[in-house]
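So the chains spell out like this:
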Amino acid sequence: ISFSKGQVRTAAAGALAARCFAAQGDSLQCIGLIGAGVQAKFQLQMLATVTQCRQVKAWARSPEKVRQLSTELAAEGWNIEVTESADKACRSAGLILTTT
C-alpha cells in the first residue's frame with residue numbers, strides 16, 4: 001500500500017492525542033471507529049504503539065470496507081466488529097476515531 005507523509009503524520013498525531021487524553025491500560029476496553037479507508041488503517045496501526053486495546057466497533061458507509069479492514073488488521077491482533085450505525089460504534093467506546 002502506498003502512503004504519504006501526511007497520512008503517517010496524521011495517524012501519529014492521533015496516537016499522541018490518544019496517549020495524552022484517552023483512558024490508559026486495561027481501562028480502555030473498546031475503540032469506536034467511524035470510517036474504514038486508508039487513514040483508518042494508519043490510525044489503528046499507530047494506536048497500537050500507545051494502547052493495548054485491540055477491540056474496535058466500526059461503522060462506515062460501506063460495511064464491506066469495514067469487513068476488508070477487519071480482515072487486513074486481524075493478523076496484527078485487531079478485532080474489528082462491523083456495526084449498523086455510527087451511534088452503535090461509539091456508544092461503548094472509550095476512544096472514538098473519525099477517519100477516511
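Rules of the game
- Note on numbering: residues in each chain are counted from 1, in written sequence order.
- Only residues with pLDDT of at least 70 get local features here, since the model is predicted, and only at 80 or more are side-chain atom pairs given and counted; chain-wide, interface and lining totals rely on the full set of residues.
- Computation of side-chain values covers all heavy atoms of the structure but excludes hydrogens and water.
- Centres within 6.5 Å are what make two rings of Phe, Tyr or Trp a pair, Trp counting through its six-membered ring; a difference in plane orientation under 30 degrees is then read as stacked, over 60 as edge-to-face, and the rest as tilted.
- In this analysis the charged atom, NZ for Lys or CZ for Arg, is taken to sit over a ring once it is within 6 Å of the ring centre and within 35 degrees of the ring normal.
- Put simply, DSSP marks the helices as runs of H or I at least four residues long and the strands as runs of E at least two long, and each gets a number from the N terminus on.
- For the exposure calls, accessible area comes from a 1.4 Å probe over protein chains only, and a residue counts as buried if that area is under 20% of its type's maximum, exposed if over 50%, partly exposed in between.
- Polar contacts, as counted here, are pairs of nitrogen or oxygen atoms within 3.5 Å of one another; within protein the pair requires one atom able to donate a hydrogen and one able to accept it, and residues that are adjacent in sequence qualify only if both atoms are side-chain atoms.
- Should any heavy atoms of two residues lie within 4.5 Å, those residues are considered in contact.
- Strand pairing is defined by DSSP finding a minimum of two bridges between the two strands.
- Note on geometry: axes are C-alpha line fits, over the in-contact stretch for helices, and angles between N-to-C directions span 0 to 180 degrees.
- Residues belong to a common nonpolar core when they are buried Ala, Val, Leu, Ile, Met, Phe, Trp, Tyr or Cys residues joined through side-chain atoms within 4.5 Å.

Participant: Help me understand the packing of aromatic side chains, please; the structure alone is not making it clear to me.
Facilitator: Each aromatic ring pair is characterised by the separation of its centres together with the angle its planes make. Taken as a whole, this structure holds zero aromatic pairs when the rule is applied. Residue placement shows R54 over the ring face of W78; its charged tip is 4.9 Å from the ring centre.

Participant: Looking at this model, I keep getting lost on the side chain of T99. Mind explaining?
Facilitator: Along the polypeptide, T99 turns up in the segment after strand 4 (95–98). Since its relative accessible area comes to 15%, T99 is described here as buried. Engagement of the side chain of T99 in a polar contact is seen with the backbone oxygen of G35, the distance being 3.4 Å. For T99, the residues in contact, after removing those within four places along its chain, are L33, I34, G35, A36, Q39, A40 and Q43.

Participant: How do you make sense of the sheet that holds strand 1 (residues 31–34) when you look at a structure like this?
Facilitator: Working definition: the strands of a sheet are paired by backbone hydrogen bonds and lie parallel or antiparallel to each other. With respect to topology, four strands assemble into an open sheet ordered 3-2-1-4, the strand pairing being parallel. One side of each edge strand has no neighbouring strand; the edge strands of this open sheet are strand 3 (79–82) and strand 4. For this sheet the average axis-to-axis angle between neighbouring strands, irrespective of direction, equals 25°. As paired strands, strand 2 (residues 55–59) and strand 3 are joined by four bridges and run parallel to one another. Bridge pairing links K57 to E81 in strand 3. Helix 2 (residues 38–47) rests against strand 1, strand 2, strand 3 and strand 4 of the sheet, and its axis sits at about 145° to strand 4.

Participant: What exactly am I supposed to notice about the nonpolar core here?
Facilitator: Within the largest apolar cluster, 22 residues are counted, with the highest numbers of intra-cluster contacts made by I31, L44, L47 and I80. Residue assignment for this core shows that the elements contributing at least two residues are helix 1 (5–21), strand 1, helix 2, strand 2, helix 3 (63–74) and strand 4. Excluding anything up to four places from it in sequence, L44 contacts L33, V56, L69, L73, W78, I80 and L97.

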